[in-house]
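A closer look at the structure
Letter by letter, the chains look like this.
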Amino acid sequence: MAAFTIYPAIDIRGGKCVRLLQGDYTKETVYGDSPVEMAALFAEQGAEWIHMVDLDGAKEGKRVNDRFVVEAAKQLPVKVQIGGGIRTEDDIVYYLENGVARVILGSAAIARPSFVKEMLKKYGERIAIGIDAKDGFVATEGWLHTSNVKATDLGKELAEAGAQTFIFTDIATDGMLSGPNIQAAVEMARATGKDVIASGGVRSLADLVSLQNHVGDGVAGAIVGKALYTKQFTVAEALKVVQGE
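So, how was this worked out
Residues numbered from 1 in each chain as written. Predicted model: local features only at pLDDT ≥ 70, side-chain atom pairs only at ≥ 80, totals over all residues. Heavy atoms only, no water. UniProt positions renumbered as here; feature names shortened; annotations may be inferred. 1 Å grid on protein atoms, 1.4 Å probe; cavity = no way out; pocket = protein on both sides within 12 Å on 5 of 7 lines; lining within 4 Å. Points joined across faces, edges and corners; volume = space filled by probe spheres on them. Helix = DSSP H or I, 4+ residues; strand = E, 2+ residues; numbered from the N terminus. Nonpolar A, V, L, I, M, F, W, Y, C, P; charged D, E, K, R; others polar. Axes fitted to C-alpha atoms, helices over the stretch in contact; angles between N-to-C directions. Left-handed = near helix turned anticlockwise from the far one by under 90°. Contact = heavy atoms within 4.5 Å. Buried < 20%, exposed > 50% of the residue type's maximum accessible area, 1.4 Å probe, protein only. Arc of directions from axis to C-beta.

We quote the UniProt Catalytic activity (unreviewed entry) comment for the protein here in full: "1-(5-phospho-beta-D-ribosyl)-5-[(5-phospho-beta-D-ribosylamino)methylideneamino]imidazole-4-carboxamide = 5-[(5-phospho-1-deoxy-D-ribulos-1-ylimino)methylamino]-1-(5-phospho-beta-D-ribosyl)imidazole-4-carboxamide". Per UniProt, the protein carries the Sequence similarities (unreviewed entry) text "Belongs to the HisA/HisF family."

**Remarks on the layout of surface pockets**
There is about 290 Å³ of room inside the largest pocket. Along the walls of the largest pocket sit 20 residues, with A3, F4, T5, Y7 and A220 positioned nearest its centre. Every element with two or more residues in the lining of the largest pocket is listed here: strand 1 (5–13), strand 11 (195–199), strand 12 (219–224) and helix 11 (235–242). For the lining of the largest pocket, the element with the highest residue contribution is strand 1, accounting for three residues. In terms of residue class, the lining of the largest pocket is made up of 12 nonpolar, four polar and four charged.

**Examining the packing of helix 9 (residues 205–212) against helix 11**
What describes two packed helices is the angle between their axes and the distance between those same axes. Put simply, helix 9 and helix 11 touch, their axes get as near as 10 Å, and they point 40° apart. Seen from above, helix 9 lies across helix 11 with right-handed handedness. Taking contact as the criterion, the partners of L205, L208, V209 and Q212 in helix 9 are, on helix 11, E237, A238, V241 and V242. For the contact of helix 9 with helix 11, the per-class residue count stands at six nonpolar, one polar and one charged.

**What to know about the UniProt feature "active site" (unreviewed entry) in the protein**
Here, UniProt's "active site" (unreviewed entry) annotation points to D11 and D132. As for its placement among the helices and strands, D11 is situated in strand 1. Judged by relative accessible area, which is 11%, D11 ranks as buried. Ignoring any residue separated from it by four or fewer positions in sequence, one finds D11 in contact with K16, C17, V18, R19, V53 and L55. With respect to the secondary-structure elements, D132 resides in strand 7 (residues 127–134).

**Examining empty space enclosed by the protein**
One pass over the structure, following the stated rule, counts three cavities of 30 Å³ or more. In this structure, the second largest cavity spans a volume of roughly 90 Å³. The wall of the second largest cavity is formed by 14 residues, among which R19, G200, G201, G225 and K226 lie closest to the centre. Breaking the lining of the second largest cavity down by element, the ones donating at least two residues are strand 12 and helix 10 (226–229).

**Quick word on helix 6 (residues 113–123)**
Residues of helix 6 that are buried: F115, V116, M119 and L120. Viewed end-on, helix 6 has its buried residues packed into an arc of 140°, placing them on one side of the element. Counted as exposed and oriented over 90 degrees from the buried face of helix 6: S114 and K121. Where helix 6 is buried, its residues contact helix 4 (89–97), strand 6 (102–105), helix 5 (108–111), strand 7 and helix 7 (151–160).

**A look at unusual backbone geometry**
Even without being a glycine, Q22 presents a positive backbone phi close to 50°. Relative to the elements of secondary structure, Q22 occurs in the loop between strand 2 (16–21) and strand 3 (24–32). Positive phi is not limited to glycine here, since K231 has a value of about 60°. Relative to the assigned elements, K231 resides in the loop between helix 10 and helix 11. Of the residues examined, K231 reaches a relative accessible area of 70% and is grouped as exposed.

This is how it looks when you write it as structure tokens:
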């Protein structure tokens, strides 16, 4: 079976580790004062990747909490992927030159498709495409707006432009501990023919197993946030399950 990767999530707002409910900035819970310490904890438990999001950056359209991301990328024995507030090639270069393994382009995919395609051509697999969907349509700008573009259509178009990795979030499930939208993740993987990392709703080890059962369809990993912070399970336990130990 192809590898299935667990991505512990660290969302940063005001320099702290937080989780939002369905992307709502007014529904925030703070889980830690130091994103880098949280990343170190996940690394100690065996995580190979850390998924980081600059929430302030996503809202303001520029890098805000980048120093924490760079610190984690440079200091820890993990690969870091970052999303939020990445709008220019300078942003991409800044992160890649400072040790970040993969940069996620999200809202730009709708707002500036030609820019995203150019970046895919230039930086290849070091660019991941973040597609956040609400009822099957792409949501943008920190989920504050829903477009009239179907998520799978955008996925197909960007796969043809060279995207190798998609991060697919179903907003309805994010932060809800309600179970992931497996069907939507599988649809995205089949539509693109590329690796899809499922994000949103993972609440149990059983959810991870259910997602992993679709590795053959292209579901290559899961981003896990709230379940780790509310101690439903640990990174170490998640890795054991998906590695069949």
